[in-house]
Amino acid sequence: MNLQQSLVQEFESLLGASVHFPQEYKVALAPLCEHLEAHALRTPTERQARLIAHINSKFNVNRDGIAKVYAHAASRGLVFNFHEKNLIQAAFDSGDQSAFEEAISKASSKEGLVDALCRLFAPASPAETISYFRGEVEAPSKLRAEQGDRAIGNEALLSAFSAFVFSAADQEVLHSYFDSTYSAETYERAFWLQLRQLHPQLYSRERTLDIAKIDQELADSCGSLEELRSAVFAHVSTSYQELENHGHLAYWIEPIVVEGRNITWEICSDIMLFAEKHDEVKLKNAYFRAKQIESETVSHVPDVDVGQARFDLANEGFTYKDTFVCAPSPTSPAGSESLLLLFQKNKRDETIIPCPACRTRDVHGNSYSSLGVRSWECRNSLCPDRSKYNRGKRYSFKAILMQEAIDEVESYIPPESVRKWSRDVQTERTIYDATEMLIRHYSLHGDGVALFGVDAPSDSLGRRFLSHGRINTADGNSSAGFFESPWFQRYALPSSAQESKENASSTTIQRLGSLTMVCGNSAMVLQDWPENYFDGAVTSPPYFNAREYSQWPNIYCYLRDMLIIAQGCYKALKPGAVYLYNIFDYFDNERSVVFSAMGDKRLILSAYTVDIFRRAGFHLSGSITWDKGDIEGKRGFNAGNFSPYYQAPFNCWEHVLVFVKPPAVETTDLSSALPAILRAQPVIKMVKGQNTYGHTAPFPIELPNLLRALMPKGGRALDPFGGSGTTARALDGYAAETVCIEQKEEYFELALKLFDSHRMATTNVAT
Ligand SMILES: C[S@@+](CC[C@H](N)C(=O)[O-])C[C@H]1O[C@@H](n2cnc3c(N)ncnc32)[C@H](O)[C@@H]1O
């Protein structure tokens, strides 16, 4: 019997299943087995044990046993870090009691606890693993997209068999076979060391983090907002060129007043827009849906000039990660907060990365896991790391780099730092705290960090600092060119309201006390509304494609509609009136490049909004940070991983942008009227998963209540996206009239009903 036959026989008799080997598989297997025969092989017992461990790990057979260990440890105050968890998992999967005891003893020295945990070591026996696996072969539990039209049971067997063959000898024997450029002299057992040898440029750590300060002094030396913007944009472009790929760029923006107006939030928004969109690329990749995007946009925005809009250009740049709002204290006034703005560079890179498991170069770039991040799929049918149901291994260089960050113990972040920065609303933090956090969380030991107007920390934390002085104010062309570039020609057109007037007649108006409820589309309703009518406005618009009532083909169409409504509000507001606009930079696909999940990202809706409102004529005076508390938790959860690059904080706030129709009324001092941070619980009325409130996205009453301090008592207020009419209830007894415009009849009715109940309740209280 040759090796191939004996491996097949051993595998089938161990698992009690017979495998169907497709012809191409057999053709690939035969020469590999010949290669193996020329080398020292592991004993059958050893390779069978490895197969069992492989199945345990692939199918997570020991999950319940491991969960018991974690739960017991947690009940005694012990939480394992990522490495410890890996060791525990490996010990369970290989049934290695002494490896388990070693891992536990390293993690804790608490008397009694180590023994108690060791008693919980109950890995699946080989017979249990085999029975579990056979169950998956006969009735796979997770078919999902994996299945297609394949006979999935046999695919699971083939995948396990490939791993089994790989375990027949030492990894180098197998790598020397699959890696066409293998050489014994340069071979590295660790994949990343091998990759570093192959593509040293990918691993350059010369400059992996840029931190720059933008403050009043910088603004004063620029002289105007326009000059400041131009200098900062030049800095962003240079950073994009010079930072290593997957490196980070951060700006610490202090409160800045230019010509009597606090422009901290405006400069922050403009940087977000520019950083994400400044690089115009004639993208040839098949995933770029330029034609479809153009036709969708043209049918929604008929006056778009396709020659100017250049839909064939994709906009690339930094990936926006987050803005930390850092207020002096929880009760500080609006305008006193500093902002810490964070981006990552993820630039398309087509360098072929061999498969980290088998090291073949027979891989193909099937797609991008996210925009700018190339993802590869291994095509070797004998790779030991194919999926459970035998798809090729998928991986990206970015993921490999992040894995390396985990392996580098020297770069570990102290847990206090992770805890301290776990939310993106902060108080009492200084630029020194922020610098230290950025260095620890977003660079590795030995990396080069460039500082612009920022002091290096007294402890270098093992990093090299490249000090550049402050942002250069002489740099930069005018930023105006950017705001006229093709991106904006796709929606930000000067002419307004395109819709035909015929539909306007479908508007219904109903009055109830101080509420004027209008059922209709704000774009049209506001066209006909008297000018200079309202003393203030507050709203929460639809967030692009977030809900059943807010669906647009792409971001351009959405922004076009929001611009028209902003123009309508501008016209209907009195000069000096304040307009509060609640918006959230949430995760979705803006459908400006690709429609699949690879286009999902943090949308910069607040930055788009600031720009379209400026175009409508408004001034931005600031933004109130609506702190929603500790919700939407999972995204920031780091699973005990204290390595750089894994510390995404909880996104716990939304914007309430404060716009003013100029000229501003001198007597309205926004900072004394408004807080920097408004803590309010979101409205969630759920019973057994059902929304009992009647509207899917009401805002808490604390938001429209803010308007009371910003408009005269007895004045008129507007909410152009009225929803359930929260604004009218908030302002009842203060505003003489609140006009809520709502296009959905169901919400129009709901708003009237809720307002009626509110009036009954307030009358009852009064009597
Ligand atoms: C986020 S909700 C507002 C919720 C509201 N603040 C509340 O507390 O109930 C946005 C609302 O705007 C409505 N809407 C969307 N586009 C509109 C338009 N063009 N004109 C009027 N209403 C619109 C939606 O139907 C939805 O009810």
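For clarity, every value in this text was computed on a predicted model and none was experimentally measured.

Engineer: Give me the lowdown on helix α5 (residues 82-94), citing residues and values where you can.
Structural biologist: Between its first and last C-alpha, α5 extends 18 Å over 13 residues, near the 18 Å set by a 1.5 Å rise per residue. Taken as a whole, α5 has its buried residues at E84, I88, A91, F92 and D93. Turning to α5, the residues buried within the fold contact α3 (44-59), α4 (63-75) and α6 (97-107). Of the residues flanking the start of α5, the one acting as N-cap is N81, its side-chain oxygen 3.0 Å from the backbone nitrogen of H83. Positioned one or two residues after α5, G95 has a phi angle of 60°, which is positive.

Engineer: Run through the site of the ligand, naming residues and quoting values.
Structural biologist: The ligand sits among 22 residues. The nearest are N521, H695, S724, T726 and E742. Within the side chain of H695, a nitrogen or oxygen atom sits 2.8 Å from an oxygen atom of the ligand. Between S724 and the ligand, the recorded distance is 2.6 Å, taken from a side-chain N or O atom to an oxygen atom. Considering the ligand on its own, with 600 Å² of exposed area, one finds that the protein chains cover 97% of that surface. The residue makeup of the shell around the ligand, split by class, is 11 nonpolar, 10 polar and 1 charged.

Engineer: Quick one: what's the story with empty space enclosed by the protein, residue by residue and with numbers?
Structural biologist: Scanning all chains against the criterion turns up 1 cavity of 30 Å³ or more. Reported here for the largest cavity is a volume of approximately 40 Å³. Lining the largest cavity, in full, are H54, I55, K58, F59, F133, A156, S159, A160 and K388. Listing elements by their share of the lining of the largest cavity, those giving two or more residues are α3 and α10 (152-166). If one sorts the elements of the lining of the largest cavity by residue count, α3 sits on top with 4 residues.

Engineer: Talk me through the pattern of salt bridges; I want residue IDs and the actual numbers.
Structural biologist: Enumeration according to the criterion identifies 44 salt bridges in this entry. Between D270 and R614 there is a salt bridge, with the nearest N and O atoms lying 3.0 Å from each other. In this pair, D270 is assigned in helix α15 (residues 264-277) and R614 in helix α25 (residues 605-616), connecting sequence segments 344 residues apart. Where R310 meets D312, a salt bridge forms, and the shortest distance between an N and an O atom there is 3.0 Å. What makes R310 partly exposed here is its relative accessible area of 31%. Three or more residues joined by partner-sharing salt bridges are found here, namely E226, R229, R261, E266, D270, D611, R614 and R615.

Engineer: Lay out the sheet that holds strand β26 (residues 716-719) with the relevant residues and their values.
Structural biologist: The sheet built from 9 strands is open, its strands ordered β15-β16-β27-β26-β17-β18-β22-β21-β23 with mixed pairing. Each having just a single partner strand, β15 (508-512) and β23 (677-679) make up the two edges of the open sheet. Neighbour to neighbour, the strand axes of the sheet diverge by 20° on average, direction disregarded. The sheet contact formed by β26 and strand β27 (residues 737-742) spans 4 bridges and is parallel. Paired with L718 across the bridge in β27 is V739. Across the sheet, helix α24 (residues 555-572) is in contact with β17 (534-539), β18 (573-583) and β26; its angle to β18 comes to roughly 145°. Together, β18, β21 (619-627) and β22 (653-660) form the strand contacts of α25, whose direction differs from that of β22 by roughly 5°.

Engineer: Outline the side chain of R229, supporting the account with residue identities and numerical values.
Structural biologist: Relative to the helices and strands, R229 is located in helix α14 (residues 225-242). If near-sequence neighbours (up to four positions away) are discounted, R229 is found in contact with E266, I267, D270, S479, F483 and R614.

Engineer: Explain the packing of helix α1 (residues 3-15) against α10 to me, and be specific about the residues and the numbers.
Structural biologist: In the contact formed by α1 and α10, the axes pass within 11 Å of each other and the chain directions differ by 125°. As judged from the angle between their axes, α1 and α10 are oblique. Here the hand of the crossing between α1 and α10 comes out right-handed. Contact with α1, carried on its side by L7, V8, E10, F11 and L15, involves L157, A160, F161, F164 and V165 of α10 and no other residues of that element. Considered class by class, the residues forming the contact of α1 with α10 number 9 nonpolar, no polar and 1 charged.

Engineer: Just give me the short version of the packing of helix α12 (residues 191-198) against helix α18 (residues 397-407), but keep the residues and values in it.
Structural biologist: Between α12 and α18, whose axes approach to 11 Å, the crossing angle comes to 125°. By the angle class used here, α12 and α18 are oblique. Like other packed secondary-structure pairs, α12 and α18 cross with a definite hand, here left-handed. Listed contacts from α18 to F191, W192, L195 and R196 of α12 are F397, I400 and E404. Residue composition of the contact of α12 with α18, grouped by class: 5 nonpolar, no polar and 2 charged.

Engineer: An account of unusual backbone geometry is needed here, citing residue identities and associated values.
Structural biologist: Omega for the peptide link from P662 to P663 comes to -5°, which places this bond in the cis form. Checked against the element boundaries, P663 lands in the loop between β22 and α26 (670-673). The backbone phi angle of R310 is positive, close to 45°, even though this residue is not glycine. Positionally, R310 belongs in the loop between α17 (306-309) and β6 (314-316).

Engineer: Which residues make up the environment of P698, and what values go with them?
Structural biologist: Relative to the helices and strands, P698 resides in the loop between β25 (690-691) and α27 (702-705). In this structure P698 comes out as buried when scored by relative accessible area, which is 12%. With 359 residues separating them along the chain, P698 and L339 place their C-alpha atoms 27 Å apart.

Engineer: Describe the domain arrangement of the chain, and please don't skip the residues or the numbers.
Structural biologist: As assigned here, the chain comprises domain 1 (3-188) and domain 2 (487-618 + 661-766). The straight-line distance from the C-alpha centre of domain 1 to that of domain 2 is 55 Å.

Engineer: Residue-level account of the pairing of β26, with values.
Structural biologist: The side chains of a regular strand alternate between both faces of the sheet. Where β17 lies against β26, 2 bridges are found, and the strand directions are parallel. In the sheet register, G536 faces β26, and the bridge partner there is A717. Chirality of the crossover, the property in question, places the unit of β26, helix α28 (residues 726-731) and β27 among those that are right-handed.

Engineer: A description of the packing of aromatic side chains should follow, citing residues and the corresponding values.
Structural biologist: Following the criterion strictly, the structure yields 49 aromatic pairs and no others. Their ring planes at 65° and their centres at 5.1 Å tell us that Y240 and F318 sit as a pair that is edge-to-face. With Y240 in helix α14 and F318 in the loop between β6 and β7 (319-327), this residue pair connects regions lying 78 residues apart in the sequence. Both residues of the pair, Y240 and F318, belong to the buried class. Judged by centre distance (6.1 Å) and plane angle (55°), the rings of F618 and F659 are tilted. On the criterion of sequence distance, the pair formed by F618 in the loop between α25 and β21 and F659 in strand β22 is long-range, its members being 41 residues apart. Put simply, the rings of F233, F274, F311, F482, F483, W487, F488, Y491, Y556 and Y608 touch in pairs and so form one group of aromatic residues. If you follow K85 out to its NZ or CZ, it ends over the ring of Y70, 5.5 Å from the centre. Here the guanidinium or amino end of R374 rests over the ring plane of W376, the centre of that ring lying 5.2 Å away.

The rules behind these values
- Residues numbered from 1 in each chain as written.
- Predicted model: local features only at pLDDT ≥ 70, side-chain atom pairs only at ≥ 80, totals over all residues.
- Heavy atoms only, no water.
- Helix = DSSP H or I, 4+ residues; strand = E, 2+ residues; numbered from the N terminus.
- Expected span 1.5 Å × (residues − 1).
- Buried < 20%, exposed > 50% of the residue type's maximum accessible area, 1.4 Å probe, protein only.
- Contact = heavy atoms within 4.5 Å.
- Polar contact = N/O pair within 3.5 Å; in protein donor to acceptor, adjacent residues only side chain to side chain.
- Near = heavy atom within 4 Å.
- Areas by Shrake-Rupley, 256 points an atom, 1.4 Å probe, with all protein chains shown as cover.
- Nonpolar A, V, L, I, M, F, W, Y, C, P; charged D, E, K, R; others polar.
- 1 Å grid on protein atoms, 1.4 Å probe; cavity = no way out; pocket = protein on both sides within 12 Å on 5 of 7 lines; lining within 4 Å.
- Points joined across faces, edges and corners; volume = space filled by probe spheres on them.
- Salt bridge = Lys/Arg side-chain N within 4 Å of Asp/Glu carboxyl O.
- Pairing = 2+ DSSP bridges.
- Axes fitted to C-alpha atoms, helices over the stretch in contact; angles between N-to-C directions.
- Parallel < 35°, antiparallel > 145°, perpendicular 65-115°, else oblique.
- Left-handed = near helix turned anticlockwise from the far one by under 90°.
- Domains from an automatic or database assignment.
- Right-handed = clockwise from strand over helix to strand, strands pointing away.
- Phe/Tyr/Trp six-rings, centres within 6.5 Å; stacked < 30°, edge-to-face > 60°.
- Lys NZ or Arg CZ within 6 Å of the ring centre and 35° of its normal.

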